[in-house]
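Residue strings, one per chain:
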Amino acid sequence: MEHHHEEPIEDLEIKSWRRKLIWSWVLTIPIVIVMLIQRFFDMIIPELYSMIGILVFAFFVVFVFGWGTIKSGLRGLFTFYFNMDSLIALGTVIAYVTGIIAFSGVIADYSGVAAMIMAFFTTGKYVEAKARGRASTEIRKLLELGAKRATVIRKGQEVEVDVSELQVGDVFVVRPGEKIPTDGVVVKGESSVDEGMVTGESLPVDKLKGNSVIGATINQDGILYVQATKIGKDTFLAHIINLVEEAQGTKVPIQKLADKITSVFVPVILGIAILTFANWWIFTQDIGRALGVGIAVLVIACPCALGLATPTALMVGSGMGAKRGILIRKGEAIQTMKEVKIVAFDKTGTITKGMPEVTDVFANGVKEDYLMEVAASVEKLSEHPLSRAIVSYQGGRGLKAVKKFKIIRGKGVEGVIGRKIVVIGNRALMKERRINVGVLEAKIRGFEEEGKTAMIAAENKKILGLIAVADAVKEDSIEALQRLRAQGYRTVMITGDNERTARAIAKQVGIDEVIAEVLPEDKSKKVEELQKSGMVAFVGDGINDAPALKQSNVGIAMGTGTDIAIEAGDIVLVKGSLVGVVSAINLSKATFSKIKQNLFWAFAYNVVAIPLAVAGVLHPVIAEIAMALSSITVVTNANLLRRKKI
Amino acid sequence: MKMKLTIQGMHCASCGNNIERSLKKIPGVKDASVSMMTKKGFIEVEKEIPRGEIEKAISRAGNYKLIELEKE
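Below or above, wherever it landed, is the structure these notes cover. None of these values were measured; they are calculated from a predicted model.

**A short note on the packing of aromatic side chains**
Residues and elements named next belong to chain A. On inspection of all chains with the given rule, the structure shows nine aromatic pairs over all chains. Summarising the aromatic geometry, the rings of tryptophan 17 and phenylalanine 121 are spaced 6.4 Å apart at their centres and angled 80° between planes, so their arrangement reads as edge-to-face. Taken together, the residues span a long stretch of sequence, with tryptophan 17 in helix α1 (residues 9–40) and phenylalanine 121 in helix α5 (residues 111–135) at a distance of 104 residues. Both residues of the pair, tryptophan 17 and phenylalanine 121, belong to the buried class. Pairwise contacts between aromatic rings join Phe59, Phe60, Phe63 and Tyr96 into one cluster. If you follow lysine 188 out to its NZ or CZ, it ends over the ring of tyrosine 225, 4.5 Å from the centre.

**A look at a positive patch on the surface**
Among the surface-exposed residues, Lys141, Lys323, Arg324 and Lys645 of chain A lie close enough to one another that they form a single positively charged patch. Its place among the elements puts lysine 141 of chain A in helix α6 (residues 137–143).

**Considering the sheet that holds strand β20 (residues 535–540) of chain A**
Residues and elements named next belong to chain A. The seven strands are arranged β10-β22-β21-β20-β11-β18-β19 in an open sheet whose pairing can be described as mixed. Each edge of the open sheet carries a strand with a single partner, namely β10 (326–328) and β19 (513–515). Looking at each pair of strands side by side, their axes are set apart by 20° on average, direction ignored. The sheet contact formed by strand β21 (residues 554–558) and strand β22 (residues 571–573) spans three bridges and is parallel. Looking across to β22, one finds that isoleucine 556 is bridged to isoleucine 571.

**A few points about empty space enclosed by the protein**
Inspection of every chain in the model, using the stated rule, returns four cavities of 30 Å³ or more. Along the wall of the largest cavity there are 18 residues; nearest its centre are Lys251, Gln255 and Pro311 of chain A together with Asn17 and Val34 of chain B. Of all the secondary-structure elements, those providing two or more residues to the lining of the largest cavity are α8 (236–249), α9 (255–284) and α11 (303–323) of chain A together with α1 (13–24) and β2 (29–35) of chain B. Of the residues that constitute the lining of the largest cavity, the class distribution is six nonpolar, nine polar and three charged. Size it by volume and the second largest cavity reaches roughly 90 Å³. The wall of the second largest cavity is formed by 13 residues, among which Phe121, Lys125, Glu128, Met627 and Ser631 of chain A lie closest to the centre. When contributions to the lining of the second largest cavity are tallied by element, the ones reaching two or more residues are α5 and α23 (620–639) of chain A. When residues of the lining of the second largest cavity are assigned to their parent elements, the largest contribution, five residues, is made by α23 of chain A. Class assignment for the residues of the lining of the second largest cavity results in seven nonpolar, two polar and four charged.

**Observations regarding the side chain of serine 111 of chain A**
All names here are of chain A. Within the secondary structure, serine 111 sits in helix α5. Residue classification places serine 111 among the buried positions, given a relative accessible area of 0%. Residues in contact with serine 111, not counting those within four places in the same chain, are Ile54, Leu55, Ala58, Ala95, Tyr96, Thr98 and Gly99.

**Some thoughts on the sheet that holds strand β2 (residues 157–162) of chain A**
All names here are of chain A. The strand order β2-β1-β3-β9-β4-β7 describes an open sheet built from six strands, whose pairing is antiparallel. Here the strands that pair on one side only, and so sit at the sheet edges, are β2 and β7 (212–213). Alignment of strand β3 (residues 171–174) against strand β9 (residues 224–228), held across four bridges, turns out to be antiparallel. Looking at the pairing, valine 174 lines up with leucine 224 of β9.

**Focus on the packing of helix α4 (residues 85–101) of chain A against helix α10 (residues 287–300) of chain A**
Helix-helix packing: each pair is described by the crossing angle between the helix axes and the interaxial distance. Residues and elements named next belong to chain A. Contact pair α4 / α10: the axes reach a minimum separation of 8 Å and the direction vectors enclose 160°. As the angle between them shows, α4 and α10 are arranged roughly antiparallel. In this structure, α4 meets α10 at a crossing whose hand is left-handed. Residues Leu87, Ile88, Leu90, Gly91, Ile94, Ala95 and Thr98 of α4 lie in contact with α10, whose contacting residues are Leu291, Ile295, Leu298 and Val299. A per-class count over the contact of α4 with α10 returns nine nonpolar, two polar and no charged.

What counts, and where the lines are drawn
Residues numbered from 1 in each chain as written. Chains lettered and ligands numbered in written order. Predicted model: local features only at pLDDT ≥ 70, side-chain atom pairs only at ≥ 80, totals over all residues. Heavy atoms only, no water. Phe/Tyr/Trp six-rings, centres within 6.5 Å; stacked < 30°, edge-to-face > 60°. Helix = DSSP H or I, 4+ residues; strand = E, 2+ residues; numbered from the N terminus. Buried < 20%, exposed > 50% of the residue type's maximum accessible area, 1.4 Å probe, protein only. Lys NZ or Arg CZ within 6 Å of the ring centre and 35° of its normal. Patch = residues over 30% accessible without salt bridge, like charges linked within 9 Å, V, L, I, M, F, W, Y side chains within 5 Å. Areas by Shrake-Rupley, 256 points an atom, 1.4 Å probe, with all protein chains shown as cover. Salt bridge = Lys/Arg side-chain N within 4 Å of Asp/Glu carboxyl O. Lys, Arg positive; Asp, Glu negative; His and termini not counted. Charge placed at Lys NZ, Arg CZ, Asp CG, Glu CD. Pairing = 2+ DSSP bridges. Axes fitted to C-alpha atoms, helices over the stretch in contact; angles between N-to-C directions. 1 Å grid on protein atoms, 1.4 Å probe; cavity = no way out; pocket = protein on both sides within 12 Å on 5 of 7 lines; lining within 4 Å. Points joined across faces, edges and corners; volume = space filled by probe spheres on them. Nonpolar A, V, L, I, M, F, W, Y, C, P; charged D, E, K, R; others polar. Contact = heavy atoms within 4.5 Å. Parallel < 35°, antiparallel > 145°, perpendicular 65-115°, else oblique. Left-handed = near helix turned anticlockwise from the far one by under 90°.

Printed below as a string of structure tokens:
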């Protein structure tokens, strides 16, 4: 990630509007005073002088300080890339020109009004730019989160370098209170690290040798020596930033209508303004009045509010999410979320911790040590979490050489030790290999009813024993499920585990339905079946569950540690907590209802304001104030989303 | 392939839409999305597009400037 040390673009924009605003009013206020004096005391200033004075002052307001708007607006008119400046530019230029023609005495002089329109427009833009800046506060904080300097150990010496100079493999020191410069692995020291800014986790996380740390998180109390594993664009923070920025560009479907209207808005309003002017001229024979009404129509129409409605709310919503470790990847998910009726969960790693541990060992006529040695030897070659549980329980004691190792997906493993064929796995595997479980069946059931997974180990078709493994439920899973049920969602667990174990876990956390013994590749099919009865949000860990996440209407991918499967979900939870699912649902709903409110307001404003202007009820300056207020209202309303508790 | 653009000069939502429209006209660009809020744009391209073409498309839509171009 590059660091821009100069001022952010937003601040420059606000500053430039403020400068224009101040100068516009410095020149416009005297115009207003002169116009008032003229109206009430016609005699004090000779009309010719005041006309020239107003023209000169207004020239500076419209064509010097308003030049950016005039240029971009008129250019838009000529190139057919109409923009939101086009109407204001045309309105003010026409109003100004009347001041010149007025010397011939045929029409009313609107040049002072031109200055006032531009001054109010500039004021509106300034307030709007500030409000927009507030809308992106959280995201800007995220951008500025990265550390600037790192203390690297080179040839035994500590050297301070810029973060951009770090290389993968460098070892750096992080003292208490310092930011960890980039992603890495602790090689020496221990400490606790505050990862809240990246994961939303409020409690500090303990870090020991071998643990991964995330760049931009803050070291709390010990000294850590960390070896860099990822730098620059590959870091966790860079990924998050990229994801959030990309999401801003995605469209929320409801915005499409607004976009369509905006794209034809300017030419349509131009047409309406011309017709209005012509009508008023013909029917009143008063060209001055007709011009005033025409200008009011030009400046009151506000495509800006329509255009700002969705992006500002999306910005505030995704910023709020990012702060809590909820990354909204697709704007569409926000809209779909409110239709979701069913929330389906993967079990391992989603509801449970995903770190199974051996709880019981039952040896069937052999020594327990022998059973575990054989089991661990074979399981050592597998990466499956259940396998790892057995291997870590055994701790490397008495491991034997294994030949012809094979993984039987969703069922177990197999290998040859010496001359004996070893098979470890579930009932289905035993049945397939014609191994009789017999009297042990009752024992297996017992384990399963406790929510444990029983693995059967057999050697040359004789059962050596059972190994029960349990994966503890995450502390907050129960709370999350309770809240989901209270909100009326149907909850379903989809797992490859056997029916009884799955039911026991489901009961523990409070899930309505269980679909068990599902092979990994069939999970997405099960989601598809659920979709027949309503929209489904699927919550999974993103690594094995990618197809199911894609199949579901809203895929919520759980982050695990520093590896998040970014491509898989519509929403990514950085912290692997189910409470995040509830927050993500609430945040999506709140953001979407804010978008709807904004769009409604923007539509309603135009629907009411344009006819009023056409009817000639509104003075052009009042019209301009209304227009500026409508944009400001939309952006301010988006900022109010923050008040919502999620 | 995706390319990420940082664009200066957008001041209202129609700016983003106009730039999108103009970017989509470049042959080889499959999709474009521009956000005035983040000043960022993303284009989905079939083949690599020279920086000059992107700059041209951006300034065709108005007074905007490409300040950064990253390939992903």
